[in-house]
Amino acid sequence: MKIVVCVKQVPDTNEVRIDPVKGTLIRDGVPSILNPDDANALEAALELKDLYEDVAVEVLTMGPPQAAYMLRECLAMGADHAYLLSDRAFGGADTCATSTTLAAGIRKIQDVDLVFAGRQAIDGDTAQVGPQTASRLGLPVVTYVQDIRLEEDGIIAERNMEDGCEIIRVRRPCLLTVIKELNEPRYMTTWGIVDAFKQEITVWNHEDVGLDAADCGLSASPTQVLRSFTPPAKGKGERLQGTPREIAETLVSRLHEKHLI
Ligand SMILES: Cc1cc2nc3c(=O)[nH]c(=O)nc-3n(C[C@H](O)[C@H](O)[C@H](O)COP(=O)(O)OP(=O)(O)OC[C@H]3O[C@@H](n4cnc5c(N)ncnc54)[C@H](O)[C@@H]3O)c2cc1C
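The shown structure was predicted, so the numbers you read here are calculated from the model rather than taken from an experiment.

(A) How the structure looks around the pattern of salt bridges. Applying the stated rule across the entire model yields 11 salt bridges. Of the charged contacts in the structure, one is a salt bridge between Arg186 and Glu43, with a shortest N-O distance of 2.8 Å. Within this pair, whereas Arg186 is found in the loop between β12 (174-178) and α5 (190-196), its partner Glu43 is found in helix α1 (residues 36-51), the two being separated by 143 residues in sequence. Since its relative accessible area comes to 26%, Arg186 is described here as partly exposed. A salt bridge links Lys180 to Glu181; the nearest nitrogen and oxygen atoms lie 3.6 Å apart. Overall, Lys180 belongs to the exposed group, its relative accessible area being 57%. Shared partners join several salt bridges into a network, and the residues in it are Glu43, Asp50 and Arg186.

Structure below.
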C-alpha cells in the first residue's frame, strides 16, 4: 500500500512576535517547523507501516528549496521517500493553485492508496488544501479525523465535530485530513537522522508534474491578498468597583449592552 502524506513547512507561530513600534510581525530568526497537524498525519501513516507489511510512506511538499530540511525530518521519523515540488512558477500560490500542484505531484507518484493531510496549516490557517486536493484527484475525503482503522478496501474513520463524532466508512483510495487528537507524533531516531541525510529527495518542477506555468502559482490563483496587517491591540481592561452584587449587576448590564447575553 502506498501512502502519501502532504506536509508543509511553516514558521513556528509560537515564536512570532509583534514589533511594539511598527506594529508589524517580526519574522526574522523565527524557526521553520513541520506543521503540527502534518506531524500527526505522518505519525498515522507510520503506524500503518508498523502494523502492516508492504506499506510505503511518501512525504510530499510544495515549497522553496529550504523545505528539504523539513522533509529530512520526516525521513528521520521513518518516511520512505520525500518529494519536493519546487519552482518559481509555484510562488504566490493560493489554496486553489497549491492543491492543483499537490494533486499533480500525487498523480505523478502513481498508484496511491491513501493520502493524508493535516486539518490546517498554522500560517495560512484556511484548512482548504486537503479537501481541494481530494477534489482535484476525484477522491472521497473525510476531514477532522481523530481515529482510523484499516479495512480490506477502505478505512473506518472517526470524525470529530463540535458537538459529537461521526464514524464513517470510506473506500480507498481516499484523502483524510487529521487533527492532533489522532495520535502523539514520534521523535526522530539518531540513526534515522543519519540515514535521512544520505537519502535523496526527488525535486520536481512544473514540467515534471505535467503542469503549464500558467496553471500554477500566482497566475492560477483566483484570490489575492491585497493587504495584511497586525490586528490593533485590544482596549484596556476595566476593573469594576462596588459590592459583589453591584459588580455582578454592572457586568450583566454591560454584557446586555454588547448583545453578548
Ligand atoms: C494571493 C496569495 C498569494 C500567496 N502567496 C504565498 C506565497 O508566496 N508564499 C507562501 O508561502 N504562501 C502564500 N500564500 C498562502 C498560501 O495560499 C497558503 O500558504 C497555501 O495555499 C496553503 O494554505 P494554508 O496554509 O491555509 O493550508 P491549509 O489548507 O490550512 O493546510 C491544510 C493541509 O494541507 C497540506 N498543505 C498545505 N499547503 C501545503 C504545501 N505547500 N505542501 C504540502 N502540503 C500542504 C498540509 O497537510 C496542511 O496541513 C498565498 C496566498 C494567497 C491568497
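(B) How the structure looks around the environment of Leu176. As for its position among the elements, Leu176 is in strand β12. C-alpha of Leu176 to C-alpha of Leu114: the two residues are 62 residues apart in sequence and 7.9 Å apart in space. Ignoring sequence-local partners within four residues, the contact set of Leu176 consists of Leu114, Val115, Phe116, Ala117, Val142, Val145, Ile148, Ile155 and Val170.

(C) Examining the nonpolar core more closely. Core analysis: the biggest nonpolar cluster contains 40 residues, and Val5, Leu42, Val59, Phe116, Ile148, Ile155 and Leu176 have the highest contact counts within it. With 8 residues, helix α2 (residues 67-77) is the largest single contributor of residues to this core. When sequence neighbours within four positions are dropped, the list of residues in contact with Val5 reads Asp38, Ala41, Leu42, Ala45, Val57, Glu58, Val59, Leu60 and Phe116.

(D) A look at the site of the ligand. As a matter of local geometry, the ligand sits amid 29 residues, with Lys8, Asp38, Thr98, Ala121 and Thr126 nearest to it. Take Asp94: an N or O atom from its main chain is 3.4 Å from an oxygen atom of the ligand. At a separation of 2.8 Å, an oxygen atom of the ligand approaches a polar backbone atom of Ala121. Notes on the ligand: free accessible area 940 Å², of which the protein chains cover 79%.

(E) Layout of the packing of helix α3 (residues 95-109) against helix α4 (residues 129-137). One way to put it is that α3 packs onto α4 with a least axis distance of 8 Å and a crossing angle of 55 degrees. With respect to α4, the axis of α3 lies oblique. Read as a crossing pair, α3 and α4 show a hand that is right-handed. Between α3 and α4, the contacting residues are Thr95, Cys96, Thr98, Ser99, Thr100, Leu102, Ala103, Ile106 and Arg107 on the first element and Val129, Gln132, Thr133, Arg136 and Leu137 on the second. Split into classes, the residues belonging to the contact of α3 with α4 amount to 6 nonpolar, 6 polar and 2 charged.

(F) The sheet that holds strand β11 (residues 164-171), seen in detail. As summarised here, the arrangement of the 9 strands in space is β11-β10-β9-β12-β8-β1-β6-β7-β13, forming an open sheet in which the pairing is mixed. Every other strand in the sheet has two partners, leaving β11 and β13 (201-204) as the edge strands with one partner each. When the angles between neighbouring strand axes are averaged without regard to direction, this sheet yields 35 degrees. Of the strand pairs in this sheet, strand β9 (residues 141-150) and β12 are connected by 3 bridges, and their pairing is parallel. Among the inter-strand pairings, Val142 is bridged to a residue of β12, identified as Leu176. Across the face of the sheet, α1 comes into contact with β1 (2-6), β6 (56-62), β8 (114-118), β9 and β12 while running at roughly 150 degrees to β8. Seen against the sheet, α4 touches β8, β9 and β12 and runs at an angle of roughly 180 degrees to β12.

(G) A look at a nonpolar patch on the surface. A cluster of nonpolar side chains, namely Tyr69, Met188, Ile193 and Phe197, defines an oily patch on the protein surface of about 420 Å² accessible area. Here Met188 is to be found in the loop between β12 and α5. Take Met188: its relative accessible area is 38%, and that puts it in the partly exposed class.

Each value, and the rule that gives it
- Residues numbered from 1 in each chain as written.
- Predicted model: local features only at pLDDT ≥ 70, side-chain atom pairs only at ≥ 80, totals over all residues.
- Heavy atoms only, no water.
- Salt bridge = Lys/Arg side-chain N within 4 Å of Asp/Glu carboxyl O.
- Helix = DSSP H or I, 4+ residues; strand = E, 2+ residues; numbered from the N terminus.
- Buried < 20%, exposed > 50% of the residue type's maximum accessible area, 1.4 Å probe, protein only.
- Contact = heavy atoms within 4.5 Å.
- Core = buried A, V, L, I, M, F, W, Y, C linked by side-chain atoms within 4.5 Å.
- Near = heavy atom within 4 Å.
- Polar contact = N/O pair within 3.5 Å; in protein donor to acceptor, adjacent residues only side chain to side chain.
- Areas by Shrake-Rupley, 256 points an atom, 1.4 Å probe, with all protein chains shown as cover.
- Axes fitted to C-alpha atoms, helices over the stretch in contact; angles between N-to-C directions.
- Parallel < 35°, antiparallel > 145°, perpendicular 65-115°, else oblique.
- Left-handed = near helix turned anticlockwise from the far one by under 90°.
- Nonpolar A, V, L, I, M, F, W, Y, C, P; charged D, E, K, R; others polar.
- Pairing = 2+ DSSP bridges.
- Patch = residues over 30% accessible without salt bridge, like charges linked within 9 Å, V, L, I, M, F, W, Y side chains within 5 Å.

Don't take any of this as a statement about function, it's just geometry.
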